[in-house]
Structure formats: C-alpha cells, structure tokens
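An overview of the molecular structure
Spelled out from the first residue to the last, the chains are:
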Amino acid sequence: MSDTIAIENPHDPATWPTGRAVRMEPLVRRVLGPNASPYTFTGTQTYLVGTGADVLVIDPGPADSGAPGHADTRGDGHVEAILAAIGPARVAAIACTHTHRDHSPASRALQAATGAPIIGCAALAFDDDGPRADAAFDHDYQPDRVLTDGEQLSGDGWTIAVVATPGHTSNHLCYALLESGALFTGDHVMGWSTSVVSPPDGDMGDYMRSLALLQARDDRVYYPAHGPQIDNPRQFVRGMIGHRRQRERQIMTLLNAGTHTIPDLVAAMYKGLDPRLHGAAGRSVLAHLIDLQRHARVLSDEAGWHALAADPLAPDATPA
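In this report, the structure presented in the accompanying data block is examined. (Residues numbered from 1 in each chain as written. Predicted model: local features only at pLDDT ≥ 70, side-chain atom pairs only at ≥ 80, totals over all residues. Heavy atoms only, no water.)

Attention now goes to the pattern of salt bridges. In the structure shown here, the tally under the stated rule is eleven salt bridges. A salt bridge links Arg245 to Glu248, with the shortest nitrogen-to-oxygen separation between them at 3.3 Å. Of this pair, Arg245 and Glu248 are both found in helix α4 (residues 233–256), three residues apart, which corresponds to roughly one turn of the helix. You can call Arg245 partly exposed: its relative accessible area is 35%. (Salt bridge = Lys/Arg side-chain N within 4 Å of Asp/Glu carboxyl O. Helix = DSSP H or I, 4+ residues; strand = E, 2+ residues; numbered from the N terminus. Buried < 20%, exposed > 50% of the residue type's maximum accessible area, 1.4 Å probe, protein only.)

Okay, structure coming up:
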C-alpha cells in the first residue's frame, strides 16, 4: 500500500495537503491538485477508488504548467503524485466527469505511464460565445470508451455506476460507488460554491433537471471535485435547487424594476462578490435568462432583457 495519510477534519481546507493521498473512507482516497484559484477553490480533487489489485482514477486533473495566466489549469507534479499514491496497483481505468481543463488533461500523461484506458464523458470541444470565467474545455481529450447513464464497471472490491448529469456541461457525468453509497459529483455539485452554468454548452434547464435527479437518489455522501465532502446530500441539493429558484425570482424582480443588462443584473444580485468572479456570475445569469426565454417569461432585444408583462409566475417579493 502506498503512503496514505488521514486528516483530522475533512471539512477544513486548511488541513488539506497538496499532492498527498488522503483516506476518505475504506475504498476512497483523494489527491489534491496544485491548481488553487478563485475558480477551483483549493484545487481539483482526484479520487482513487479501490485498495486492492486495481484502482479507478476519477478526474485526473490538470497537467504540466497549464495555460499561462490560468492558475486553475496548473498541474505541475500532479500526475507524479497520483502515481505515487497508486503504488504497485494496476490502474483499471481513468474516468473523467467532464472536459474542462482542470479535470481531464492529466488523463493523457497518466495513460502513458500506466497503459490504462481513458473512459467516461464524451469528447467536447466547444468554444463559448462569450468570455469564459471557469476553465476552458480540453480540446485534446479523446476517450477510449464513452460511458452512458446506468452503465457499470467493476474492479477488485469496487463497483461504479454512471449517472448522467448534464447542465454544468452537456457531457457531465457523476459516478456512484455502489459498495459505500458515495457519489463522485465532479463540478455538478461542489462543496464550496455553486457551479457555473455557461451557455451555449451549459444549460440551466438541464442543470436543474440533473439536480432533481440527484435529489431523488439516496446517496450517503458526495465527493466533489472542489470543496469539502457533502454528508447530507439530499438536504444540500434541495438547498441548491432553492438557491437557483431564488436567483430566477430575483432576475424577474430586477427586470420588472428596470434593470435590463447582464452586468447590471450581476451588480445587483451578487453584492460583495470577488470582482474576478463577476464574469462567471454573468454566465450563470445568462443561462437563467435563456431558460426563462425558453419558457416565454422574458425576451431580449438590442436594449437588453425584458420581463414579459403577462408572466404568470412573476414574483411578488424581492428575495433576500
């Protein structure tokens, strides 16, 4: 068994070491990447499933020095840390939840070192129609096998089931560990922040449906790619759904009050937010507006966005 440590408080990021294997539960270890940033919190968390003859690697993370000026894509030493944590075990597969550059690029180097297949989400190379605020897509990602919803794979003492969760990205997958009731949620549900939903690939309607799907499940714990583990999944997801509905009501209230542009909506809705995250907030506001337009509640023109006067779901109060 490779060198694995325990931490006293898994909910305290200050105690999380970078580049070391941390035991989360008997079948799960975590290796934190070196790509802390305003968009990735403490960095991308790679998970190793299994402690026997073979292991599954989930979200191998960023690789090498990443993109200049983008700390969220920095991966120096991360592949080496993963390999050290794996030790003599065989890597059964390298599974990616989605293809943002803080999640999948290290899959190639890890495959070169181990010969393991890259599996999971479909390839996606899609340029946004606006400035990105989270990590860009990994255009070089090419899986050996694309997994579909409900599909299972197993190894020495572990079984994983695929849960399709489009929304944050159209190709997003979560992975359920059947032996323990854990769900690896990628960026669909994070332990430190709500996920950015960035059109045109990110879709708020899909995101909300995927949240409802998770709320109907009975998972014991979530292991997200960023932030602490989530020990009360259903309650947490219920809060996320409520938060998104609150944002939707807030947008409708502001539109009716005469605020019509996304920058002005962000300024009114996200008071006190780190200015570096205003772009990300704007992308999620756009995703809400597109979804509202799809349901004939708003329209857009050269002057901005407008609430339809006959909106049957118009809010009766401004949310806190």
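Following the structure, the description resumes.
Attention now moves to the nonpolar core. Core analysis: the largest hydrophobic core is formed by 45 residues, its most contacted members being Leu56, Tyr175, Leu177 and Phe184. No other element matches the six residues that strand β6 (residues 90–96) contributes to this core. Counting 18 residues, the second-largest nonpolar core is a separate cluster that includes Leu211, Val237, Ile241 and Ala287. (Core = buried A, V, L, I, M, F, W, Y, C linked by side-chain atoms within 4.5 Å.)

This part takes up the side chain of His103. Tracing the chain through its elements places His103 in the loop between β6 and α2 (106–114). What makes His103 buried here is its relative accessible area of 0%. In this structure the side chain of His103 is engaged in a polar contact, spanning 3.5 Å, whose partner is the side chain of Asp102. At 3.1 Å, the side chain of His103 forms a polar contact with the side chain of Asp187. (Polar contact = N/O pair within 3.5 Å; in protein donor to acceptor, adjacent residues only side chain to side chain.)

Enumeration over the complete set of coordinates arrives at four aromatic pairs. On the numbers, 4.9 Å between centres and 10° between planes, the contact of Phe41 with Trp192 is stacked. Taken as a pair, Phe41 in the loop between β3 (28–32) and β4 (45–49) and Trp192 in the loop between β12 (182–186) and α3 (204–215) lie far apart in primary sequence, 151 residues in all. Looking at Trp192, the relative accessible area reads 28%, which means it is partly exposed. An angle of 35° between the planes, with centres 5.7 Å apart, marks the rings of Tyr47 and Tyr223 as tilted. (Phe/Tyr/Trp six-rings, centres within 6.5 Å; stacked < 30°, edge-to-face > 60°.)

With that settled, consider the environment of Trp16. Position of Trp16 relative to the elements: it lies in the loop between β1 (4–5) and β2 (21–25). With relative accessibility at 7%, the residue Trp16 sits in the buried group. Put simply, Trp16 and Val31 are 15 residues apart on the chain and 9.4 Å apart in space, counted from C-alpha to C-alpha.

Restricting attention to buried positions, one finds in helix α5 (residues 262–269) the residues Ile262, Leu265, Val266 and Met269. Seen from one end, α5 has its buried residues packed into an arc of 100°, which puts them on one side. Buried positions along α5 lie against α4, α6 (278–294) and β15 (304–307). (Arc of directions from axis to C-beta. Contact = heavy atoms within 4.5 Å.)

One can describe the packing of α4 onto α6 by two numbers: an axis separation of 10 Å at closest approach and a directional angle of 80°. Looking at the two axes, α4 sits roughly perpendicular to α6. Contacts between α4 and α6 involve Arg244, Arg247, Glu248, Ile251, Met252 and Leu255 from the first element and Ser284, Val285, His288, Leu289, Asp291 and Leu292 from the second. The residue makeup of the contact of α4 with α6, split by class, is six nonpolar, two polar and four charged. (Axes fitted to C-alpha atoms, helices over the stretch in contact; angles between N-to-C directions. Parallel < 35°, antiparallel > 145°, perpendicular 65-115°, else oblique. Nonpolar A, V, L, I, M, F, W, Y, C, P; charged D, E, K, R; others polar.)

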